[in-house]
Amino acid sequence: MTIANHDDSMDDDEPVVVDTDQEAAPRVEFEAGTKFDRHNAELQKMLSSVRRHGPIPGDDEFDENNAPVRFVINEWAQGTSIHGVPYVTDSIQWRLWKRGTWICLVLVSAAFMLWQITQLITQYRNFDVLTDTQTINPVSLHFPEVTICNANMYSLSRQIATGIFEPTNEDELLQISTPLEDFVFETWFNGKLVNNSDVWHSTIVSGAGRCWTFKTDRKVRRPGFFGGLKVYMDLIQDDYENFTEYAGVFVWALQPGVPASLHRTGNGAKSGQETFLTLDYTEYLRERTAPWTRCTSAAPEYTQFQCRETCAFESIRERCRCRDLADSTDMSLRICARSGADGACVEELVEQEDELLADCGCDLPPCYEQDYRFSVVEVEPSLKSAAQYAKDFNVSQEYLRNNFVGLTVNYEKMQYKQLTESKGLSFSQLLGSIGGSMGFFLGISLVSIFELFGDLVGMRLIPRYFGHKNLYGLGAHYKND
């Protein structure tokens with residue numbers, strides 16, 4: 001709306017109002033029409049280019065019952081949920097450079113998607129496991145079996161008395177071994193004195209002879225010096241064999257039912273000292289589901305050490321015609337002597353140990369296992385304490401220094417570690433990860449897969465080989481004018 005000049009016939013005080021909106025409207029319609037015509041002309045040009053190869057959907061001449069495959073694919077692509085495909089296949093709406101850009105984007109995304117899926121499948125087929133470490137702080141802990149062996153295998157005085165220097169069976173071995181009452185002075189558990197015969201059980205240990213294993217069902221509730229096992233022993237060095245090299249006690253803390261042996265890791269305590277062995281307990285729960293499993297059976301029925309020792313015992317029986325003193329498989333065989341032909345045969349097998357164990361099949365650990373590791377602290381008793389011990393046990397202080405062994409075994413703290421293995425990538429996790437990758441890169445879902453293989457391939461392309469060449473495939477409800 002504008003104000004125009006007035007002529008002389010009008011009042012000087014009244015302006016002339018002219019409506020200019022009617023003049024502007026035709027100009028806007030003209031400009032819009034020009035833009036529409038230009039776009040329509042470009043579209044018609046593109047359609048003409050496409051029609052050079054034949055009629056297109058929407059033309060009267062186009063037969064929807066005999067549609068070319070490229071139009072079938074294009075019609076499907078315009079409705080698919082897979083990202084980018086509608087832009088790639090539509091040659092009518094989009095210019096070549098835009099379609100090329102989308103083709104590059106789709107191909108790059110597809111390449112990354114396939115690479116990630118390949119990595120996931122490779123990871124799955126490796127069947128790796130994850131190990132979760134959990135620290136548990138219980139109120140009490142079960143106590144392991146503690147085995148003690150005098151470094152001296154046989155009693156010299158008993159050998160002389162019986163005339164048996166190399167036992168051939170268990171009866172002879174027991175006759176020349178030091179009995180419990182001569183070896184163990186006192187035993188305390190959880191601060192209370194216990195009867196030796198109630199808690200110590202005879203056991204035969206390979207390479208050490210007759211030993212003693214402490215067993216109890218009672219739990220430990222106090223860590224440190226005042227809980228657990230405390231035992232005082234007498235080495236009786238005057239009764240050592242002439243070729244015994246060491247003076248002291250071998251000690252093992254093992255899962256109940258697992259045998260001790262000089263061929264496996266243990267610890268030791270020497271005379272004239274108090275030895276404190278603090279326990280670090282770890283429980284292993286390995287994955288049992290094939291093919292992720294890298295273990296077999298469970299302790300105490302199976303351990304790698306027991307498997308190897310059993311294999312070694314078998315080799316000794318077959319080649320040396322005797323048995324290890326801890327081997328109870330064939331009791332009719334005599335126990336191998338430590339020297340002579342038996343000793344030479346066993347020594348030869350030890351040198352071939354790597355070759356023998358390679359065929360034993362002992363590479364896998366048990367699926368369940370309890371492991372106890374030691375930390376060692378050694379202290380000497382004070383002069384007054386040594387004098388009191390000598391008085392209590394009715395021995396001299398010199399004898400005490402040469403033969404007395406004090407041993408305390410207990411947990412450092414009421415805590416243990418539990419190592420649990422689980423599948424690194426399960427099948428359900430694999431499917432989830434593949435689905436996430438497909439959705440992230442191309443927006444593909446389960447429905448999209450059905451669109452591709454079910455709708456396009458199964459309902460549109462395959463039926464073409466059987467004469468069904470309609471544009472919308474099987475099952476479509478359409479009318480062809």
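Residues numbered from 1 in each chain as written. Predicted model: local features only at pLDDT ≥ 70, side-chain atom pairs only at ≥ 80, totals over all residues. Heavy atoms only, no water.

### Let's talk about the overall build of the protein chain
Scanning the protein chain from N- to C-terminus turns up 15 helices and 17 strands. Burial statistics for the protein chain: of 481 residues in total, 38% are counted as buried. In the protein chain, once contacts between residues fewer than 6 apart in sequence are set aside, the share between residues at least 24 apart is 73%. Carbon together with sulfur atoms contributes 53% to the accessible area of the protein chain, which is approximately 28400 Å² in total. (Helix = DSSP H or I, 4+ residues; strand = E, 2+ residues; numbered from the N terminus. Buried < 20%, exposed > 50% of the residue type's maximum accessible area, 1.4 Å probe, protein only. Contact = heavy atoms within 4.5 Å. Areas by Shrake-Rupley, 256 points an atom, 1.4 Å probe, with all protein chains shown as cover.)

### Quick word on unusual backbone geometry
A cis geometry characterises the amide bond from Ala 290 onward to Pro 291, with omega recorded as 0°. Following Ala 299, the chain continues to Pro 300 via a peptide bond in cis, the omega torsion being 10°. As for its position among the elements, Pro 300 is in the loop between β14 (273-285) and α9 (304-320). Not every positive phi belongs to a glycine, and Ile 236 is a case in point at roughly 55°. Relative to the helices and strands, Ile 236 is located in the loop between β11 (229-234) and β12 (249-254).

### Quick word on the side chain of Asn 410
With respect to the helices and strands, Asn 410 occurs in strand β16 (residues 404-411). Classification of Asn 410 by relative accessible area gives buried; the value is 2%. A polar contact of 2.8 Å, which involves the side chain of Asn 410, links it to the backbone oxygen of Gly 224. Within polar-contact distance, the side chain of Asn 410 engages the backbone oxygen of Gly 227 at 3.2 Å. If we ignore the near neighbours within four places in the chain, the residues touching Asn 410 are Phe 143, Val 220, Arg 222, Pro 223, Gly 224, Gly 227, Gly 228, Leu 277, Thr 278 and Leu 279. (Polar contact = N/O pair within 3.5 Å; in protein donor to acceptor, adjacent residues only side chain to side chain.)

### A closer look at the packing of aromatic side chains
Think of a pair of aromatic rings as described by two things: how far the centres are apart, and how the planes are tilted against each other in angle. In this structure the tally under the stated criterion is 24 aromatic pairs. Consider the rings of Phe 143 and Phe 189, whose centres lie 5.2 Å apart with planes at 75°: the pair is edge-to-face. Placement of the pair is Phe 143 in the loop between β4 (141-142) and β5 (145-150) and Phe 189 in strand β6 (residues 184-189), with a sequence separation of 46 residues. Residue classification places Phe 189 among the buried positions, given a relative accessible area of 1%. (Phe/Tyr/Trp six-rings, centres within 6.5 Å; stacked < 30°, edge-to-face > 60°.)

### A closer look at the side chain of Arg 286
As for its position among the elements, Arg 286 is in the loop between β14 and α9. Not counting chain neighbours up to four residues away, the residues in contact with Arg 286 comprise Cys 295, Pro 365, Pro 366, Cys 367, Glu 369 and Glu 421.

### Remarks on the nonpolar core
Judged by nonpolar contacts, the single largest core of 36 residues is most densely connected at Phe 143, Val 146, Ile 148, Trp 200, Met 233, Leu 407 and Tyr 411. Broken down by element, the residue count for this core peaks at four residues, all from β16. In this structure Trp 200 touches Val 146, Ile 148, Leu 180, Val 184, Thr 187, Trp 212, Thr 213, Phe 214, Leu 229 and Val 231, once residues within four positions along its chain are discounted. Core analysis: the second largest hydrophobic core is formed by 19 residues, Val 88, Trp 292, Leu 425 and Ile 444 among them. (Core = buried A, V, L, I, M, F, W, Y, C linked by side-chain atoms within 4.5 Å.)

### Structural notes on the packing of helix α2 (residues 69-77) against helix α15 (residues 446-461)
Here α2 crosses α15 at 150°, and the two axes come no closer than 11 Å. As summarised for this structure, α2 and α15 are arranged roughly antiparallel, according to the angle between their axes. Taken as a pair, α2 and α15 cross one another with a handedness that is right-handed. On the side of α2, the interface is formed by Val 69, Val 72, Ile 73, Glu 75 and Trp 76, while α15 contributes Glu 451, Leu 452, Asp 455, Leu 456, Arg 460 and Leu 461. Of the residues in the contact of α2 with α15, the class split is seven nonpolar, no polar and four charged. (Axes fitted to C-alpha atoms, helices over the stretch in contact; angles between N-to-C directions. Parallel < 35°, antiparallel > 145°, perpendicular 65-115°, else oblique. Left-handed = near helix turned anticlockwise from the far one by under 90°. Nonpolar A, V, L, I, M, F, W, Y, C, P; charged D, E, K, R; others polar.)

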